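Okay, here's what each chain looks like letter by letter:
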Amino acid sequence: DAGVIQSPRHEVTEMGQEVTLRCKPISGHNSLFWYRQTMMRGLELLIYFNNNVPIDDSGMPEDRFSAKMPNASFSTLKIQPSEPRDSAVYFCASSTSWTGVNTEAFFGQGTRLTVV
Amino acid sequence: QKEVEQNSGPLSVPEGAIASLNCTYSDRVSQSFFWYRQYSGKSPELIMSIYSNGDKEDGRFTAQLNKASQYVSLLIRDSQPSDSATYLCVVNGPGRRALTFGSGTRLQVQP
């Protein structure tokens, strides 16, 4: 298996533009997580899905952020409009258990987003 | 209070020494504890998991858990320069359905 695949690896965009980050989880994993990492705040959970259903989106910073999982093999994280403070590395991770207990989460390589 | 607390470091140890990384957590009902390693510019990867009180050894790594004190630690024996990375303490439990990460401790192993 190729692991969790994220695209693009790097994204530079202008403030106010829409940004869409993509993730393909590991086949057979039914839980998917979106994290954001910055120097100041570390790794923060934004949202997670189980069986394509959003379970907890309390980490989504504001209405400019939205996430979807239309099927078991694809998820998107959209920021509209983007702002410079959204600059961060966004990680997608997947696991086999929706509770996450006793289960390892596998991370993608991340998308480094820069909003200028 | 942060849910998972770690000293940000950097923790600097000489090659061959034991590196000791510590973590405390706030949710008493937490059940699962993990240590992830993250090299600069890379994604986190799991190196140890522990679920019950006591020690768990895997090669040069030993994870220690004390639920009464809400304390988790990671010992790295015979530290190597290749161990230089940020180590993330991660906690999960029945009251939480996703992994909660500490901010990480940066370890530097000096050759």
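Structure's up top.
**Some words on the pattern of salt bridges**
Then, in step 1: Throughout the structure, instances matching the rule amount to eleven salt bridges over all chains.
Then, in step 2: Between Arg64(A) and Glu83(A) there is a salt bridge, and its shortest N-O distance comes to 3.5 Å. Here Glu83(A) lies in the loop between strand 8 (74-79) and strand 9 (88-95) and Arg64(A) lies in the loop between strand 6 (53-56) and strand 7 (65-71), a separation of 19 residues in the sequence.
Then, in step 3: With a relative accessible area of 10%, Arg64(A) lands in the buried category.
Then, in step 4: Look at Glu83(A) and you get partly exposed, because its relative accessible area is 23%.
Then, in step 5: In this structure, the salt-bridge partner of Asp83(B) is Arg60(B), at a minimum N-O distance of 2.9 Å. On the criterion of sequence distance, the pair formed by Asp83(B) in the loop between strand 8 (71-76) and strand 9 (85-93) and Arg60(B) in the loop between strand 6 (54-58) and strand 7 (61-66) is long-range, its members being 23 residues apart.
Then, in step 6: Residues joined by salt bridges that share partners form a network here, namely Glu62(A), Arg64(A), Glu83(A), Arg85(A) and Asp86(A).

**Some words on the packing of aromatic side chains**
Residue and element names in this part refer to chain B.
Then, in step 1: Tallied over the full model, the rule gives ten aromatic pairs over all chains.
Then, in step 2: Seen from their ring centres, Tyr25 and Phe33 are 4.8 Å apart, and the 45° between their planes marks the pair as tilted.
Then, in step 3: Residue classification places Tyr25 among the buried residues on the basis of a relative accessible area of 4%.
Then, in step 4: Where Phe34 meets Tyr51, the ring centres are 6.1 Å apart and the plane angle is 80°; that geometry is what we call edge-to-face.

**Let's talk about the side chain of Gln70(B)**
Residues and elements named next belong to chain B.
Then, in step 1: Mapped onto the fold, Gln70 is located in the loop between strand 7 and strand 8.
Then, in step 2: A residue is classified by how much of its surface remains accessible, and Gln70, at 10% relative accessible area, is buried.
Then, in step 3: Here the side chain of Gln70 touches Tyr25 through a polar contact of 2.8 Å, landing on its backbone oxygen.
Then, in step 4: Apart from the residues lying within four places of it in its own chain, the contact partners of Gln70 are Cys23, Thr24, Tyr25, Ser26, Asp27 and Arg28.

**A short note on the state of the cysteines**
Residue and element names in this part refer to chain A.
Then, in step 1: Following the criterion strictly, the structure yields two disulfides over all chains and no others.
Then, in step 2: One disulfide bridge connects Cys23 with Cys92, the sulfur atoms lying 1.9 Å from each other. Since a negative S-S torsion denotes a left-handed disulfide, the Cys23-Cys92 link at about -65° is left-handed. Taken together, the positions of Cys23 in strand 3 (residues 19-24) and Cys92 in strand 9 put the pair 69 residues apart, joining distant regions of the chain. Across the pair, Cys92 and Cys23 agree in class, each one buried.

Rules used in this analysis
Residues numbered from 1 in each chain as written. Chains lettered and ligands numbered in written order. Predicted model: local features only at pLDDT ≥ 70, side-chain atom pairs only at ≥ 80, totals over all residues. Heavy atoms only, no water. Salt bridge = Lys/Arg side-chain N within 4 Å of Asp/Glu carboxyl O. Helix = DSSP H or I, 4+ residues; strand = E, 2+ residues; numbered from the N terminus. Buried < 20%, exposed > 50% of the residue type's maximum accessible area, 1.4 Å probe, protein only. Phe/Tyr/Trp six-rings, centres within 6.5 Å; stacked < 30°, edge-to-face > 60°. Polar contact = N/O pair within 3.5 Å; in protein donor to acceptor, adjacent residues only side chain to side chain. Contact = heavy atoms within 4.5 Å. Disulfide = S-S within 2.5 Å.

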